[in-house]
Amino acid sequence: MGRAYSTIAFDPAKCDGCGDCMTACAQAKTGTDDWARSRIQIVGRGNAATDAMANAIEDATEKAFELALCRQCADPKCVTVCPAGALAKDGASGVIGWDASKCVDCLLCTVGCAYGGIALEEATGHVSKCDTCDGRPACVPVCSKGALTYVTTANIYNEVGDWEDLFAPGLAGCQGCNTELLMRHTLRRVGPDTVLATPPGCVPGMGSVGFNGTTGTKVPVFHPLLTNTAAMLAGVKRQFKRMGRDVTALAIAGDGGASDVGFQSLSGAAERGEQMLFMVVDNEGYMNTGMQRSSCTPYGAWTSTTPIGAGCAAGQPAQGKTQDAKNLPLLMVNHRCAYVATASTAYMEDLYAKLDRAIEASKTGFAYVHVYSPCTTGWRFPSDQNMEVARKAVETNFVMLWEFTPDEGLNFTRPVDDPLPVTDYLKAMGRFRHLSPDQIEHIQGKVMENAKFVQRFSEQAHGG
Amino acid sequence: MSTTTLEKPAVSAPKKQKVMLCEGNEAAALAVALARPDMVAVYPITPQSSLVEHVAKLIADGKMDADIVDAEGEHSVLSVLQGGALAGARTYTATCGPGLAFMFEPYFRTSGMRLPIVMSIVTRDGITPQCVWGGHQDAMTVREVGWVQIYCETVQEVLDTTVMAFRIAEDHDVMLPVNICLDGNYLSYGTARVELPDQSDVDAFMGAKDVNWHVALDPLKPMAVDPLTGGAGGKGPATFVRYRKSQCRGMQNALSVIEAVHAEWAERFGRSYAPLVEEYRLDDAEFAIMTLGSMTGAAKDAVDEAREAGKKVGLIKIKTFSPFPVEALMRALSKVRALGVVDRSVGFRWNCGPMYQEVLGVLYRLAGQSGTVLPAMSFIGGLAGADITIGHFHRVIDATAALLDGPAPTEPVWLNEND
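Please read all numbers here as calculations on a predicted model, not as lab measurements.

K.L.:
An account of the overall build of chain A is needed here, citing residue identities and associated values.
P.N.:
Scanning chain A from N- to C-terminus turns up 17 helices and 16 strands. Compactness check: chain A gives a C-alpha radius of gyration of 25 Å against a globular reference of 23 Å for 464 residues, within 12% of the reference. Considering only C-alpha atoms, chain A reaches an extent of 70 × 60 × 50 Å along its principal axes. Counting over 464 residues, chain A shows a buried share of 49%.

Here is the structure:
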């Protein structure tokens, strides 16, 4: 299979056009502060870059910058059009290199590039382009706004892409569903020596257990009751242990069954330290059965059982769920599990690291991973926005990514010190469209309260 | 029909059996130890608490090599065992009354997955009104859930039948979960002399263990266990029907398997029980009374006394309640002209005992053959831990005798109502 490459990502919403990246690049590559010689170019909405930037900085609503940078394309047009063989893509790093000794300065490559990523450097008379500084791009660390990031998640693809996908192609998920991504990656990581439990919900609904004699899974899989996943899996694992066989007991369960009707068996198994990896896919409701509320549904959210209405008998307008969500991962922390973590598919490296630790922990005790999983259908957002919604949840502290072990306490794995306002998250989806200012204020307050609580918990665990 | 597919060594004379005094719950626990389960899951609830305590002690003392799971409730107890059985474990638990009610969701599923789990029901009356005492209401309430249910009369029968239950459950022609029902309080705490078979003899009787040959959760043979079936359109419901018919077939097969296993037990251990239906002084009887469980002892004494008084009464004891032994009952009932059925629980829908309802169906089939309808009446006694005494059975015998000359009452006779 092909390879994936690391790349420099740009978030225009965070860029204020300060130009620090261009200075850093020019310094690194030319020893000067000449922005014209920087291989990364930040371009404002106007024509003359610097003037436009100055204006834009004045007017925050005009923060609209674009990036001109070599994207190190998989199928680079610049390389294709070069008549001299001066440009070539390195198969290992993915970087497109430029060989001065072969270049004839025809500039055809600058025409071939659709991103303005390769341009004539007038001072030298040659083209210049980004080479990512051997994987340590000078521009990225100087960006204090977080608009530039060096994305290395391609490593996941390169490392695990050859591992067998243990689900059949064509699972029946909704368009843009996050859970299929999660299922495939999780099982691929856990591996074939696994017994998989998928209680009623989206996961079996997508075909993991199958219908009428079919199955979508290459490992032994079963459909526990909504209520008894952890108990049944405990029985499976104990017998294999008794037989001296090393089999991973894995549950991929929805939030509803786990936090509501299945909580007793989950709690019991955790208390007994049953050796399993229990993953909850938290899409904040019973999405598979028609989007009903669960105890993990957040305050204010529309669901089909917490509808938006004109009024009710008590005279109060019905405005979505009237209670805050149960914090299931924190409840599991208080079971003193061998390992507890929260994760998000928007941060796959983080998820993979946590899976590694969870699998290891499940060999001696109860490991619990809680993955926030936006639901395009039930949360009412376009199917191409799943990762964006997941990311916004973290950037606003609506969701916090941490891990816990009894020995090491609770540690944030991706702390957000300067969170975006929660409205940035809420407005990304339709289920919060009806919220009143009071409700938004309530949610923002709870997000901050929760962040403080978990922070304090973390500090106390470290003797703070 | 084959009764077992496992090769067993030839029967040799049993070793000397240890004679001891113990309560029914302890007898059940000792029997479980003899059957060598891999996994036992427990939750204590009256009147089966001392059963799981005995099991826990046997394991703690190294006399039983089983993984014990102290689960947080009966729902998880049975769920743990389902997982264990799917991974190949021989499994056991016990429950009663509210515990069985709480277990209902996985209870229904055990028979559908054809898992040969053995579970004692230390029978208890239903709540509400609040009641922690004996009665058959719990087991009767779940009689249509696909478990084999066998009732015991004595402490020794509890011990012997509990061992046999594993053979019956795991028989390849059955593959169904089995309940051994022992009367709460009377048998659970009743102490009696029992003979304990030698472990090596039981090992020879049990043969090789093979509990998940048909359905397994094992990476070495991956399969999807219990996929979704049904729905509109041909294939789904047809799959479901095949599963259900197979369950019914396993249940019917159990009748002959239970007989064969009991016969082998008698041969190996020298103690025989009527496996399905016991006929007591029935051959020359004009009428019969029918009993279930521990009440039978007092009933037999009453029959003996009535015989001495010249009354031609016999007794029919049902041992196997599920599958209902229709053929065996028809043979027994064809010998008499009237019947009194004593239940230790109520059937709310018919205003009579549940066993009486079942018998009515048998009487209908019998009438189809003989052309005459046997008069039968319902007695309900022993609720909430009440005694059904020899005196009560004399009332039962006299009221049943009256059916020979007069109409059968449509109302049940409630024993213990005024005593």
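K.L.:
Summarise the sheet that holds strand S13 (residues 339–344) of chain A; cite the residues concerned and give the values.
P.N.:
Taken in spatial order, the nine strands of this open sheet run S16(A)-S15(A)-S13(A)-S14(A)-S12(A)-S11(A)-S9(A)-S10(A)-S9(B), and their pairing is mixed. On the outer flanks of this sheet lie strand S16 (409–412) of chain A together with strand S9 (224–225) of chain B, each paired with one strand and no other. Pairing geometry for strand S15 (residues 402–405) of chain A and S16 of chain A, over four bridges, is antiparallel. In the sheet register, Glu 403 of chain A faces S16 of chain A, and the bridge partner there is Asn 411 of chain A.

K.L.:
So what's going on with the interface of chain B and chain A? Which residues, and what values?
P.N.:
At the junction of the two partners, chain B supplies 43 residues and chain A supplies 37 residues. Of the roughly 3000 Å² buried between chain B and chain A, counting both surfaces, carbon and sulfur atoms make up 58%. It is Leu 217, Pro 219 and Leu 228 of chain B that lose the most area in chain B upon contact with chain A, and together they represent 20% of the buried surface on that side. Along the contact surface separating chain B from chain A lie five salt bridges. The salt bridge involving Arg 238 of chain A is made with Asp 67 of chain B; its shortest N-O contact spans 2.7 Å. On inspection of chain B and its partner chain A, the count reaches 13 residue pairs in polar contact (both at pLDDT 80 or more).

K.L.:
Please provide a residue-by-residue account of helix H1 (residues 20–30) of chain A, values included.
P.N.:
Along H1 of chain A, the residues that are buried comprise Cys 21, Met 22, Ala 24, Cys 25 and Ala 26 of chain A. Remark: Gly 31 of chain A follows H1 of chain A within two positions and exhibits a positive phi of approximately 75 degrees.

K.L.:
Report on the packing of helix H3 (residues 74–86) of chain B against helix H5 (residues 104–112) of chain B, specifying residues and quantitative values.
P.N.:
All names here are of chain B. Running from N to C, H3 and H5 point in directions that differ by 25 degrees, and their axes come no closer than 8 Å. Taken together, the axes of H3 and H5 lie roughly parallel to each other. Two packed elements cross with a definite hand, and for H3 against H5 that hand is left-handed. Here H3 contributes His 75, Leu 78, Ser 79 and Gln 82 to the contact with H5, which in turn contributes Glu 105, Pro 106, Tyr 107, Arg 109 and Thr 110.

K.L.:
For the sheet that holds strand S4 (residues 91–95) of chain B, give the residues involved together with the corresponding values.
P.N.:
Residues and elements named next belong to chain B. Pairing in this open sheet of seven strands is mixed, and the strands run S3-S2-S4-S5-S7-S6-S13 from one edge to the other. The open sheet terminates on both sides in strands that have one partner only, identified here as strand S3 (67–70) and strand S13 (320–322). Sheet twist, expressed as the average angle between the axes of neighbouring strands with direction ignored, equals 20 degrees. Pairing of strand S2 (residues 39–42) with S3 involves four bridges; the strand directions are parallel. If you follow Ala 41 over to S3, its bridge partner there is Val 69.

K.L.:
Outline helix H2 (residues 49–60) of chain B, supporting the account with residue identities and numerical values.
P.N.:
Residue and element names in this part refer to chain B. Over its twelve residues, H2 extends 16 Å from the first C-alpha to the last, a length consistent with the 16 Å expected when each residue adds 1.5 Å. Buried within H2 we find Ser 49, Ser 50, Leu 51, Val 52, Val 55, Leu 58 and Ile 59. Looking at the buried positions of H2, the neighbouring elements they touch are strand S1 (18–23), helix H1 (24–35), S2, S3, S4 and strand S5 (118–123). Directly after H2, the chain includes Gly 62, whose backbone phi takes a positive value near 75 degrees.

K.L.:
Can you explain the environment of Gln 239 of chain A? Please cite residues and give values.
P.N.:
With respect to the secondary-structure elements, Gln 239 of chain A resides in helix H9 (residues 229–242). Judged by relative accessible area, Gln 239 of chain A falls into the buried class, the value being 3%. Residues within four places of Gln 239 of chain A in sequence aside, it is in contact with Asp 38, Met 39, Gly 84, Ala 87, Gly 88 and Ala 89 of chain B.

K.L.:
Can you tell me about the side chain of Gln 82 of chain B, naming the residues and giving the values?
P.N.:
With respect to the helices and strands, Gln 82 of chain B occurs in helix H3. A relative accessible area of 0% means that Gln 82 of chain B is categorised as buried. Gln 82 of chain B has contacts with Asn 228 and Met 232 of chain A together with Pro 106, Arg 109, Thr 110, Met 113, Leu 115 and Ile 117 of chain B, leaving out every residue within four places of it along the chain.

K.L.:
I'd like a rundown of the nonpolar core, residues and numbers included.
P.N.:
Counting residues in hydrophobic clusters, the biggest one holds 153 residues, and the most contacted among them are Phe 278 and Phe 366 of chain A together with Met 290, Ile 316, Leu 333 and Leu 339 of chain B. Each residue touching Met 290 of chain B, except ones within four places of it in the same chain, is listed here: Ile 316, Ile 318, Leu 329, Leu 333, Leu 339, Gly 340, Val 341, Val 342, Met 355 and Val 359 of chain B. Listed in part, the 34 residues of the second largest apolar core include Ile 156, Val 160, Val 221 and Ala 341 of chain A.

Thresholds applied
Residues numbered from 1 in each chain as written. Chains lettered and ligands numbered in written order. Predicted model: local features only at pLDDT ≥ 70, side-chain atom pairs only at ≥ 80, totals over all residues. Heavy atoms only, no water. Helix = DSSP H or I, 4+ residues; strand = E, 2+ residues; numbered from the N terminus. Rg over C-alpha atoms; globule rule 2.2 N^0.38 Å. Buried < 20%, exposed > 50% of the residue type's maximum accessible area, 1.4 Å probe, protein only. Pairing = 2+ DSSP bridges. Contact = heavy atoms within 4.5 Å. Buried area = accessible area lost by both parts, 1.4 Å probe. Salt bridge = Lys/Arg side-chain N within 4 Å of Asp/Glu carboxyl O. Polar contact = N/O pair within 3.5 Å; in protein donor to acceptor, adjacent residues only side chain to side chain. Axes fitted to C-alpha atoms, helices over the stretch in contact; angles between N-to-C directions. Parallel < 35°, antiparallel > 145°, perpendicular 65-115°, else oblique. Left-handed = near helix turned anticlockwise from the far one by under 90°. Expected span 1.5 Å × (residues − 1). Core = buried A, V, L, I, M, F, W, Y, C linked by side-chain atoms within 4.5 Å.

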